[in-house]
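A structural walkthrough
Here is how the chains run, residue by residue.
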Amino acid sequence: MVELSVAGDGLYRRGFAGDTFNTLWHFARNAPAGWRAAYLTALGTDTMSDEMLGFFDAAGIETDAVRRIEGASPGLYMIHLRDGERSFSYWRDMAAAKRLADDEAHLDRIFSSGDAFYFSGITLAILPKAGRKRLLERVERARASGKLVAFDPNIRPRLWPDTATAKAAIEAAAKVSTLCLPSFDDERAAFGDETPEATAARYHGLGVGEVVVKDGGGAALVSWGDGRQSETVACVPPKQLVDTTGAGDSFNAAYLAARLGGIGPMEATLAGHRLASHVVGGHGALVG
Ligand SMILES: O=C(O)C(=O)C[C@H](O)[C@H](O)CO
């Protein structure tokens, strides 16, 4: 999406962001040896889409998997801040990304070439029902062939028609994932979990081997080996709190980069905290 982040005095800065993109952007900057980042999404053929594609390229993100759709354009969101805590306004009804899973042959080509996959509850929320099904079928095959599949439920109630639909889609996604990175506040609101441990147990129960439950600026619970081992890892307090946009996404990027680089779950969680704590010190989702 196009992002409008606060620049002061009623001014907004135009950036590019979106939850999975934020994770990929940070991943590309921190990727372990031998890993490359590619984005499966859809853009239009307008000037904004061209600029966005140039931005991906400059960030070291491969663009082969981007579908270009004649006449379509990207979605847009604006960040509002209250004491550093963000909320969003969206203009995305016609966003090209909603059609990222329309083309089966395209999906098959991308899924056959990737070694690890990452998607989110926002990915699922913006897709039509048929697109969601097509995507999850490919994800399921990737998992069955032993690939890492990471999923952040990133629950945005406004993007779903109702809670029951959101919960069903998130559970279906968790069942085909190997790693889940939920946020406790979202999970408590949607699923009624009383503790981060309950969130982790629920995802392990759906067959997820490794779960990291983030808790805003608090400690994270990491639980691995199908829940046989778990630890609480204290957060890294930020030097300054400016804008929480993208904190969880950057956490996920650092965690994934660490794990794919062979680092253990506890140290990977610490790497996640460190990057998130840096990202909340600047405006917008992408803080270099
Ligand atoms: O809320 C969304 O749909 C976005 O992807 C915008 C933000 O970049 C994202 O929520 C930050 O996590």
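The structure displayed is predicted, hence computed values, not measured ones.

Below, the discussion takes up the UniProt feature "domain: Carbohydrate kinase PfkB" (unreviewed entry) in the chain. Annotation from UniProt places "domain: Carbohydrate kinase PfkB" (unreviewed entry) at residues 17-285. Helix and strand shares over residues 17-285 are 43% and 19% respectively, and the end C-alpha atoms of the span are 6 Å apart.

In this section: the side chain of H204. In this structure, H204 sits in helix 8 (residues 196-205). Residue H204 is classed as buried on the basis of its relative accessible area of 15%. When sequence neighbours within four positions are dropped, the list of residues in contact with H204 reads G209, E210, V211, S223, D226 and G227.

Turning our eyes to something else, we now look at the packing of helix 3 (residues 104-113) against helix 5 (residues 129-144). Angle between the axes and distance between the axes: these two values describe a pair of packed helices. Their axes nearest at 11 Å, the elements helix 3 and helix 5 cross at an angle of 25°. Judged by the angle between their axes, helix 3 and helix 5 are roughly parallel. For the element pair helix 3 and helix 5, the recorded crossing hand is right-handed. For the pair helix 3 and helix 5, the contacting residues are E104, L107, D108 and F111 in the first and R134, L135, R138, V139, R141 and A142 in the second.

Quick look at the sheet that holds strand 12 (residues 210-213) now. With mixed pairing, six strands are arranged side by side in an open sheet as 9-10-11-12-13-14. Of all the strands in the sheet, just strand 9 (116-120) and strand 14 (229-233) have a single pairing partner and so form its edges.

In an α-helix, one turn spans 3.6 residues, which is why side chains three or four residues apart end up on the same side. Every buried residue of helix 8 is listed here: T199, A200, R202, Y203 and H204. Positioned one or two residues after helix 8, G207 has a phi angle of 100°, which is positive.

About the cut-offs
- Throughout this document, residue positions are counted from 1 along each chain, in the order its sequence is written.
- Local features in a predicted model are, by the rule used here, given only for residues with pLDDT of at least 70; side-chain atom pairs are given and counted only at 80 or more, and totals for whole chains, interfaces and linings are based on all residues.
- Heavy atoms from the whole structure form the basis of all side-chain values; hydrogens and water molecules are not counted.
- UniProt positions are given in the numbering used here, feature names are shortened, and annotations may be inferred rather than shown by experiment.
- Secondary structure elements are taken from DSSP: a helix is a run of H or I of four residues or more, a strand is a run of E of two residues or more, and numbering for both begins at the N terminus.
- Relative accessibility under 20% of the residue-type maximum defines a buried residue, over 50% an exposed one, and the middle range a partly exposed one, all with a 1.4 Å probe and only protein chains included.
- Contact between two residues is taken to exist if any of their heavy atoms lie within 4.5 Å; hydrogens are not considered.
- The angle between two axes is taken between their N-to-C directions and runs from 0 to 180 degrees, where each axis is a line fitted to C-alpha atoms and a helix contributes only its stretch in contact.
- In what follows, roughly perpendicular refers to angles from 65 to 115 degrees, roughly parallel to angles under 35, roughly antiparallel to angles over 145, and oblique to any angle outside these ranges.
- Left-handed describes a crossing whose near helix is turned anticlockwise from the far helix by less than a right angle; the clockwise case is right-handed.
- A pair of strands is considered paired only if DSSP assigns at least 2 bridges between the two.

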